[in-house]
Amino acid sequence: MSLFLRMLDRLGVGIVLLLLGVLLAFQTEYFLTWKNLSNILTQTSVTMIMAVGMTFVITTAEIDLSIGSLLALCAMVSGMLLEAGHSIVISVGAGILTGMVSGLIAGGIVVTWGLPSFIVTLGLLYIDRGIALLLTDAKPLYGFPEGFTMIAKGSLIGLPFPALEAMAAVVLGQVVLSKTAFGRKVVAAGGNPVAARLSGVSVGKIKMGVFLLSGLCAGVASIITIARQDSATPIVGEGQELDVIAAVIIGGTSLFGGRGTVVGTLFGALLMGVLRNGLTLLDIASVWQKIVIGCVIVVAVLLDYYRRKLT
Amino acid sequence: MEMCKPEIATSQTVADSGLLLAMTDRGLRFLSQVIGRAGFILGIILFCGIVLCGFSNEADAKSYRIALVMKAVTNPFFHAMEQGAKTEAEKLGVTLLPASVERETDIDKQIGLVEDFIVKQVDAIVIAPASSQGLVPVLKLAQSEGIYVVNIDNPLDKDATKQQGFACPFVGSDNQLGSSIATYALVARMGAVGEIAMLEGIPGVTNAELRKAGFLSVIEHVPGIKLVASQTANWETEQAFNVTSNILTAHPNLRGLFCANDNMALGAIAALEAAGKTGEVAVTAYDNLEAAQQAILQGKMFATIEQHPELMGAYGVRIAKDHLDSKPVEDYTRTPLDLIDYQYLVKVMGITGKP
């Protein structure tokens, strides 16, 4: 491939995003306002953080369907502790720990028995949601301390905290994926597990690691969710795993494993966020969002297919 | 040896098609190399452009812009609400901007809708909140930006609003009263004796909890009535079918069933039919959907509650307009409740059903 094509390949979704932004700026006066842009960042932050973890999972050619339910479970755990008067640090920590434990369980079962993660995490999707409903007998919790809701309501130099937290997750994720031994092993384990094993990579441990990471991200995302809503309900996050997977795929991470980009995922999540926001600003019925996003996903997977054939 | 001949014959065709395949493949590779990404980008932009240009409509700059935020596109209840609001908006000469999330559980997306309307600087937001607690912070934000907020249908949680220091007028029916009326009619129909069950809405949602409370408040005063099961079917027809089937298996002597909405009642009726118990178990529900009316006319269902969603939408818009015109408004507007049974349908509404 020529350098030009390679650059296009790298920046593809980014360019689409940019052009879409330009188009929207001409269509509606509200789009290109600082407030609207920071809204889009806030609205996509939860999806984005979970998508960072999902990028790792998909890069190893696995999938994690449980994160939407896990988001609710972590939210309820943190919410209960906050309501019981525990400190913010303990409540937040417990929520994130819950996510990590669920991730470890998923990874443990997948690796130990060599089962498809699709099925295992599908099971966890039900289990986590069930426990979330069970914890408070399905009642929502609300009225958290001011210091806690600042996690979502605060802002620094005009940037809302959730946006900053999501950006931090993306930067951290990309550095881990491309600059550390763990990241390179993730790519190796997904691209060619046999070769990876032969060259001394413990594929099992790596897979445990990515599921742990995915659970951790769900935990962090749950904190932002409940701080933003100033309440925790067990029905939150239903179906959100699909948004997250879509963001990762549109971003250019290969469903077949061995190729992942966290920055691409960022663009994927933003593309969906901008589409949603733009269509609302233009008073277009929400069903169109689905059709457009669906087309983008299919095109992204087709591209991935031909990219694999080329290399 | 015998099998060789046909194989030779086909191998030539295979070679041909192989060549063809290889050519197609090379062509596709070439295509994807040259116009792969560029084509992708152009395609998306073109598509979005068509969609956006085709649908964008400039609002009348002079009239008030009032957003109507609803919570489930598939529920006829919200169609009626939107229709009522639209008619009223036309009458008052304001621009209505309706928007809805897909499912009642899309809390985060509904918050996003409100944020988008804040950016659009609408004059008022009329909202049926997906969560009685979760929407409070963003609505407070909207109010602080000078947007007038009217809460319709599902009331915001009193404690949550008090904690946040938020207040706005409410338009809706008294859900607890409505379900008490429905339950009272059901109990009367049962002759005040026998086993009764309830299908609940999504647990924790205010409307669902109020309807459950209304149901319980009636049956606890009737000694002859025995509550044998109360389970959620999450407002959904299909889940209601399964839950009802299970309840019937466990309690074959069931005589009455109260469903917290008509969607669930439709599933329950189907389950009764499958069990051959149509007419043996009296069913009452909530919402007065057309399908429920048909079921009542066919004798499969006893009664339902009409809570006039079209009036919720219309009153919501009117209150917003009144406030924007600096007229005083009521804090709490109750929409009327009607018990719809066979007599009501035939005599009052003049509906006789499909032949």
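Residues numbered from 1 in each chain as written. Chains lettered and ligands numbered in written order. Predicted model: local features only at pLDDT ≥ 70, side-chain atom pairs only at ≥ 80, totals over all residues.

Draft legend 1. Quick peek at the overall build of chain A. The helix and strand inventory of chain A stands at 13 helices and four strands. For chain A, whose C-alpha radius of gyration is 19 Å, the value lies close to the compact-globule estimate of 19 Å for 311 residues. Judged by the C-alpha coordinates and their principal axes, chain A covers about 60 × 55 × 35 Å. By the burial criterion, 55% of the 311 residues in chain A qualify as buried. For chain A, the share of sequence-separated contacts (at least 6 apart) that also reach a separation of at least 24 residues comes to 79%. (Helix = DSSP H or I, 4+ residues; strand = E, 2+ residues; numbered from the N terminus. Rg over C-alpha atoms; globule rule 2.2 N^0.38 Å. Buried ≥ 20, exposed ≤ 12 C-beta atoms within 10 Å, placed from the backbone. Contact = placed C-beta atoms within 7 Å.)

Draft legend 2. Representation of the overall build of chain B. On a plain count of helices and strands, chain B comes out with twelve helices and twelve strands. Across the 355 residues that make up chain B, the buried fraction comes to 50%. Within chain B, contacts between residues separated by at least 24 positions form 76% of all contacts whose residues are at least 6 apart in sequence.

Draft legend 3. View of the nonpolar core. Ranked by internal contacts, the top residues of the largest apolar core, which has 198 residues, are A:Leu271, B:Ile66, B:Ile125, B:Val126, B:Cys259, B:Ala268 and B:Val283. Looking at which domains feed residues into this core, each of domain 1 (65-172 + 309-324) and domain 2 (175-306 + 340-348) of chain B supplies at least three. If we skip the residues at most four places from it in the chain, A:Leu271 touches A:Val13, A:Val16, A:Leu17, A:Ile250 and A:Val296. (Core = buried A, V, L, I, M, F, W, Y, C linked by C-beta atoms within 7 Å. Domains from an automatic or database assignment.)

Draft legend 4. Layout of the sheet that holds strand β11 (residues 332-334) of chain B. All names here are of chain B. Pairing within the open sheet is parallel, and its six strands lie in the order β2-β1-β3-β4-β5-β11. Two strands bound the open sheet, and with one partner strand each, they are β2 (95-100) and β11. Taking each pair of neighbouring strands and ignoring which way they run, the sheet shows an average axis angle of 20°. Examined bridge by bridge, strand β3 (residues 124-127) and strand β4 (residues 148-152) share four bridges and lie parallel to one another. Its bridge partner lying in β4, alanine 124 is registered against tyrosine 148. Against the sheet, helix α3 (residues 107-119) contacts β1 (65-70), β2 and β3, and its axis sits at roughly 175° relative to β1. (Pairing = 2+ DSSP bridges. Axes fitted to C-alpha atoms, helices over the stretch in contact; angles between N-to-C directions.)

Draft legend 5. Spotlight on the confidence of the model for chain B. Residues and elements named next belong to chain B. Averaged over all residues, the pLDDT of chain B equals 84, while 82% of them reach at least 70. Mean pLDDT values over the elements of chain B span from 52, in helix α1 (residues 4-55), up to 97, in β3. Here residues 1-15 is modelled with pLDDT under 50, and outside its nearest four sequence neighbours on either side it reaches zero contacts, counting other chains as well. Across residues 56-61 the pLDDT falls below 50, and counting only partners more than four positions away or on other chains, this stretch makes six contacts in the model. Of the two predicted TM-score estimates for the complex, the pTM is 0.74 and the ipTM is 0.71. (pLDDT = per-residue confidence, 0-100.)

Draft legend 6. Geometry of the domain arrangement of chain B. Taken domain by domain, chain B holds domain 1 (65-172 + 309-324) and domain 2 (175-306 + 340-348). Tallied by class, residues from the side of domain 1 of chain B that touches domain 2 of chain B come to three nonpolar, two polar and two charged. (Nonpolar A, V, L, I, M, F, W, Y, C, P; charged D, E, K, R; others polar.)

Draft legend 7. Region of the structure containing the pairing of strand β8 (residues 254-259) of chain B. Residues and elements named next belong to chain B. Most of β8 is tucked away: six of the six residues are buried. For β8 and strand β9 (residues 282-284), the ladder comprises three bridges, and the chain directions are parallel. In the strand pairing of β9, leucine 257 is matched with valine 283. Read as a crossover between parallel neighbours, the route from β8 over helix α9 (residues 262-274) to β9 is right-handed. (Right-handed = clockwise from strand over helix to strand, strands pointing away.)

Draft legend 8. Seen up close, unusual backbone geometry. Residue and element names in this part refer to chain B. Of note in this structure, asparagine 234 is not a glycine but carries a positive phi near 50°. On the neighbour-count criterion, asparagine 234 (20 C-beta atoms within 10 Å) is buried. Unlike most non-glycine residues, aspartate 287 shows phi in positive territory, near 120°. Its location among the elements puts aspartate 287 in the loop between β9 and α10 (290-297). Using a count of 25 C-beta atoms within 10 Å as the deciding quantity, one classes aspartate 287 as buried.

Draft legend 9. How the structure looks around helix α10 (residues 203-229) of chain A. All names here are of chain A. Taking 1.5 Å per residue, 27 residues should reach 39 Å; α10 reaches 39 Å between its end C-alpha atoms and fits that length. With 23 of its 27 residues buried, α10 lies for the most part within the structure. Among the residues trailing α10, aspartate 230 stands out with phi positive, at a value near 50°. (Expected span 1.5 Å × (residues − 1).)

Draft legend 10. Expanded view of the packing of helix α2 (residues 76-92) of chain B against helix α11 (residues 309-324) of chain B. All names here are of chain B. Contact geometry for α2 and α11: axes closest at 6 Å, N-to-C directions at 35°. The way α2 lies across α11 gives a crossing that is right-handed. Residue-level inspection shows Phe77, Ala80, Met81, Glu82, Gln83, Gly84, Ala85, Thr87, Glu88, Ala89 and Leu92 of α2 in contact with α11, the latter providing Pro309, Glu310, Leu311, Met312, Gly313, Ala314, Gly316, Val317, Arg318 and Lys321. A breakdown of the residues in the contact of α2 with α11 according to their chemical character gives eleven nonpolar, five polar and five charged. (Left-handed = near helix turned anticlockwise from the far one by under 90°.)

Draft legend 11. Local environment of helix α7 (residues 161-179) of chain A. Residues and elements named next belong to chain A. The end-to-end C-alpha distance of α7 is 26 Å, a good match for the 27 Å that 19 residues give at a rise of 1.5 Å each. Those residues of α7 lying buried are Pro162, Ala163, Glu165, Ala166, Ala169, Val170, Gly173, Gln174 and Leu177. One side of α7 holds all its buried residues, which, seen down the axis, span an arc of 165°. Along α7, exposed side chains directed more than 90 degrees from the buried face belong to Leu172, Val175 and Lys179. At its buried positions, α7 is contacted by α2 (34-59), α6 (146-153), β3 (159-160), α8 (181-191), α10 and α12 (262-281). (Arc of directions from axis to C-beta.)

Draft legend 12. Structural detail: the pairing of β4(B). Residues and elements named next belong to chain B. Within β4, five of the five residues are buried, leaving the element largely enclosed by the surrounding structure. Of the two faces of β4, the one lined by Tyr148, Val150 and Ile152 and the one lined by Val149 and Asn151 are each fully buried. Handedness of the crossover is the feature at issue here: the chain leaves β3, passes through helix α4 (residues 136-144), returns alongside β4, and the resulting connection is right-handed. Here two bridges tie β4 to strand β5 (residues 170-172), and the two strands are oriented parallel to one another. Note on β5: the bridge partner recorded for isoleucine 152 is valine 171. Since β4 and β5 lie parallel, the crossover through helix α5 (residues 158-164) that links them has a hand, and here it is right-handed.

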